[in-house]
Amino acid sequence: MSLKELRLKRGYSQRELEGRSGVHHNAIAKFESGERDIRSASLDTALRLCDALKVRDPRKLFDSDNDSAE
């Protein structure tokens, strides 16, 4: 499941996820659009997103629809 799918599943806007995670909404938008590869995120960023999205396994963030952008 992609970051965007996880965010939408929780009913959060990008700005709400920013508020919950401390990850700037511009970074979230870049991860979701594939402009920035989520796999390049720091461990701290990945863990903050996981905590905010209530995701136990950080690998879920890497299951992305943007794999074709490589």
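Before going into details, it helps to say that this report is about the structure given with it. These numbers were taken from a predicted model, which means no experiment stands behind them. (Residues numbered from 1 in each chain as written. Predicted model: local features only at pLDDT ≥ 70, side-chain atom pairs only at ≥ 80, totals over all residues. Heavy atoms only, no water.)

1. A few points about the packing of helix H1 (residues 3–10) against helix H3 (residues 25–33)
Packed helices, taken two at a time, are described by the angle their axes make and the gap between the axes.
Consideration 1: Where H1 contacts H3, the two axes come as close as 8 Å, and the packing angle between them is 120 degrees. On the basis of the axis angle, H1 is oblique to H3. Counted together, Leu 3, Lys 4 and Arg 7 of H1 and Ile 28, Phe 31 and Glu 32 of H3 form the full contact between these two elements.
Consideration 2: The residue inventory of the contact of H1 with H3, partitioned by class, reads 3 nonpolar, no polar and 3 charged. (Axes fitted to C-alpha atoms, helices over the stretch in contact; angles between N-to-C directions. Helix = DSSP H or I, 4+ residues; strand = E, 2+ residues; numbered from the N terminus. Parallel < 35°, antiparallel > 145°, perpendicular 65-115°, else oblique. Contact = heavy atoms within 4.5 Å. Nonpolar A, V, L, I, M, F, W, Y, C, P; charged D, E, K, R; others polar.)

2. Thoughts on the environment of Asp 51
Consideration 1: Inspection of the secondary structure assignment puts Asp 51 in helix H4 (residues 43–53).
Consideration 2: Take Asp 51: its relative accessible area is 63%, and that puts it in the exposed class.
Consideration 3: As for Asp 51 and Ile 38, which are separated by 13 residues in sequence, their C-alpha atoms are 16 Å apart. (Buried < 20%, exposed > 50% of the residue type's maximum accessible area, 1.4 Å probe, protein only.)

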